[in-house]
Every structure is written in C-alpha cells, then in structure tokens.
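Take a look at the letters that make up each chain.
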Amino acid sequence: MEKLQQLYEGKAKKVFATDDPEKLIVEYKDDATAFNGLKKGTIKGKGVINNQMSNRLMAYLEKQGVPTHYIQEINERETIVKKVSIVPLEVIVRNISAGSFAKHYGVEEGIVFDQPTIEFSYKNDELGDPLLNRYHALALKLATAEEIDTIEKYAFKVNQVLKAFWLSAGVTLVDFKLEFGRLSDGTIVLADEISPDTSRLWDVKTHEKLDKDRFRRDMGGVEEAYAEIMKRMEATLA
Ligand code: ADP
Ligand code: UDP
C-alpha cells in the first residue's frame, strides 16, 4: 500500500491518503511540542518509538476487546490505519494527580486516587482545548449520548488493561489522553496514538518520569527516557 497525497500535517504526525478510501497511512515525526504549541523541539528517535509503541499497545488492546484503528505497521515510522472521522474530544483518564489536575485543584502531584477519573476537552487548538463535560459535548453536538457512553466504557477498559500491563513492566500509569473516531458505518474505535507523548509513565520504585514531562519541564534525559520505556514494553511483551 502506497502513500498518496498528504491530507494533514499535525504537531507529531503526518497523515496520507491511500488507494483505499477506508485506509490512511500515518507517519510519526520526531517533532515535539508542549503548552499548545508554544514550546517546540525535537526528540531524536521519538517517531520510531511512538509508532511502534502505539501499534503494539493497540494490538494488545484489540485482543482484550477494545476496537482500534490499527491495521499494519509498514516500517519504523509509518502505519496503515482505518480512516475515521475523529470525535473532537480529548479523553483523559487519571489514576494519580499530575499536570493540569494538580494545577487546577491546587494539589501536589502523586496522590493516588481510589478510582480513576475521566474528563473531556474539546479538541480545538484555536480555543486551547477547553475542558468540557458530557452535557457541553451534547450541546455542541460533538458526539451522541450513546457515543459518549461507548467512549467512556472503552477509556476505562483501556486504563484497566494498560495499568496492569505497565505495572508488570515496573511502570506506574499515571494518566493518559485518548482520541476516538467513527468508521464509515459509525462504529466507534480508538484512534490516534498511545505513547509517552500522550501518557504519564513513572518508574514504580523511583517515580522517575519516563515520558514527555521530561521535555515539557526541561528535565534532560528525554531520549533516554523514551528508549527506556520502549525497552520495558518490549521486554514485557516478549
Ligand atoms: P495534532 O493534530 O494534535 O497536531 P498529530 O500531529 O498527532 O496531532 O496529527 C495526527 C492527526 O490525525 C490528529 O489530528 C488526529 O486526530 C488524526 N487522526 C489520528 N488517527 C486517525 C485516523 N485513524 N483517521 C483519521 N484521523 C486520525
Ligand atoms: N495530553 C495529551 N495531549 C494534550 C493534553 C494532554 O496527550 O493535548 C496527555 C498528557 O500527556 C498527560 C494527560 O494527557 O498524559 C493529562 O494531561 P494534563 O491534563 O495534565 O495536561 P498537561 O499538564 O500535560 O498539559
């Protein structure tokens, strides 16, 4: 399957049409951004790691009953996926306080919740991805009530599966962002990516950050952290 015209270039990936109207090719870049594009940089080798990690985790999730857009990896940076119409919601699940949660509610990072939380933001760069709840999403006709129920159910299932997976790799799954889309028949599937760009991953023992926060917060050791988390994933899947 060949890449035809480029349909979109985002902050982390390029999206290409193929000769099959139901399939796309995504190409993962090393470009990194944070704070809604204000901070820009490169994380060498990130595209390869995010492509491979996202594909392995989505294949694993499929086996556990979560439908995804993943079809086939073509090479280190490129993957064939099912074309979806993206539901313009960023779905964030949290197990531990961190990032914007800690900031909004004035609490420290690292508080372990009794139950995971879920929140949505409106995927709209111009508006800075504002937070919204299901009633707002319904009012804005971003999704139907049934779709939101399905998305919530899958998001918690992804959390349950990946939390256990990462724990067996010696990693605590702190929080993550998901995107969902509709296939041409309306079926909701998990889309976009699952990677250290979109998840917070801490070493179980040392609480060392093995994710994009190292880039966001200028902590150094960014490439090494991505390589380490990839190594742990591969060892756990082997
Ligand atoms: P952003 O748009 O936030 O800069 P990326 O650089 O990751 O993000 O660009 C990838 C784009 O492709 C995102 O807008 C994402 O919603 C979209 N996308 C991801 N998976 C699919 C898919 N299966 N079908 C259509 N679009 C997708
Ligand atoms: N996240 C993401 N894309 C976004 C915003 C958040 O992938 O546009 C991920 C982020 O990596 C983290 C989780 O979602 O794993 C929660 O992020 P948070 O709301 O704390 O925002 P942040 O402070 O990271 O901007």
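Above this text sits the structure in question.
The rules behind the values
Residues numbered from 1 in each chain as written. Chains lettered and ligands numbered in written order. Predicted model: local features only at pLDDT ≥ 70, side-chain atom pairs only at ≥ 80, totals over all residues. Heavy atoms only, no water. Pairing = 2+ DSSP bridges. Helix = DSSP H or I, 4+ residues; strand = E, 2+ residues; numbered from the N terminus. Axes fitted to C-alpha atoms, helices over the stretch in contact; angles between N-to-C directions. Near = heavy atom within 4 Å. Polar contact = N/O pair within 3.5 Å; in protein donor to acceptor, adjacent residues only side chain to side chain. Areas by Shrake-Rupley, 256 points an atom, 1.4 Å probe, with all protein chains shown as cover. Nonpolar A, V, L, I, M, F, W, Y, C, P; charged D, E, K, R; others polar. Salt bridge = Lys/Arg side-chain N within 4 Å of Asp/Glu carboxyl O. Buried < 20%, exposed > 50% of the residue type's maximum accessible area, 1.4 Å probe, protein only.

Undergrad: I would appreciate a short explanation of the sheet that holds strand β3 (residues 23–28) in the present structure.
TA: Two orientations exist for strands paired in a sheet by backbone hydrogen bonds: parallel and antiparallel. Sheet architecture is open: five strands sit in the order β1-β2-β3-β7-β6, paired in antiparallel fashion. Here the strands that pair on one side only, and so sit at the sheet edges, are β1 (6–9) and β6 (70–73). This sheet shows a mean twist of 25° between the axes of neighbouring strands, independent of strand direction. Examined bridge by bridge, strand β2 (residues 13–17) and β3 share five bridges and lie antiparallel to one another.

Undergrad: In this structure, what is going on with the site of ligand 2? I would like to understand it.
TA: If you check the shell around ligand 2, you find 15 residues, and the closest are R94, S100, D175, R200 and R216. In this structure, E90 approaches ligand 2 through a side-chain N or O atom, which is 3.0 Å from an oxygen atom. With respect to ligand 2, the side chain of D175 contributes an N or O atom lying 2.6 Å from an oxygen atom. For ligand 2, the protein covers 77% of the area, taking 500 Å² as the surface of the free molecule. Those elements giving two or more residues to the shell around ligand 2 turn out to be β9 (89–96), α2 (99–105), β12 (171–182) and β14 (199–203). A class-by-class count of the residues in the shell around ligand 2 yields three nonpolar, four polar and eight charged.

Undergrad: Help me out: how do you make sense of the pattern of salt bridges in this one?
TA: Oppositely charged side chains can form a pair if their charged atoms are brought close together. Inspection of every chain in the model, using the stated rule, returns 29 salt bridges. Put simply, D30 and R77 hold a salt bridge, and the shortest N to O gap is 2.9 Å. Remark: R77 occurs in the loop between β6 and β7 (78–82) and D30 occurs in the loop between β3 and β4 (31–34); sequence separation between them is 47 residues. Classification of D30 by relative accessible area gives buried; the value is 15%. Look at R77 and you get partly exposed, because its relative accessible area is 27%. Note that D192 is salt-bridged to K177, the shortest N-O span being 3.2 Å. Taken together, the positions of D192 in the loop between β13 (188–191) and β14 and K177 in strand β12 put the pair 15 residues apart, joining distant regions of the chain.

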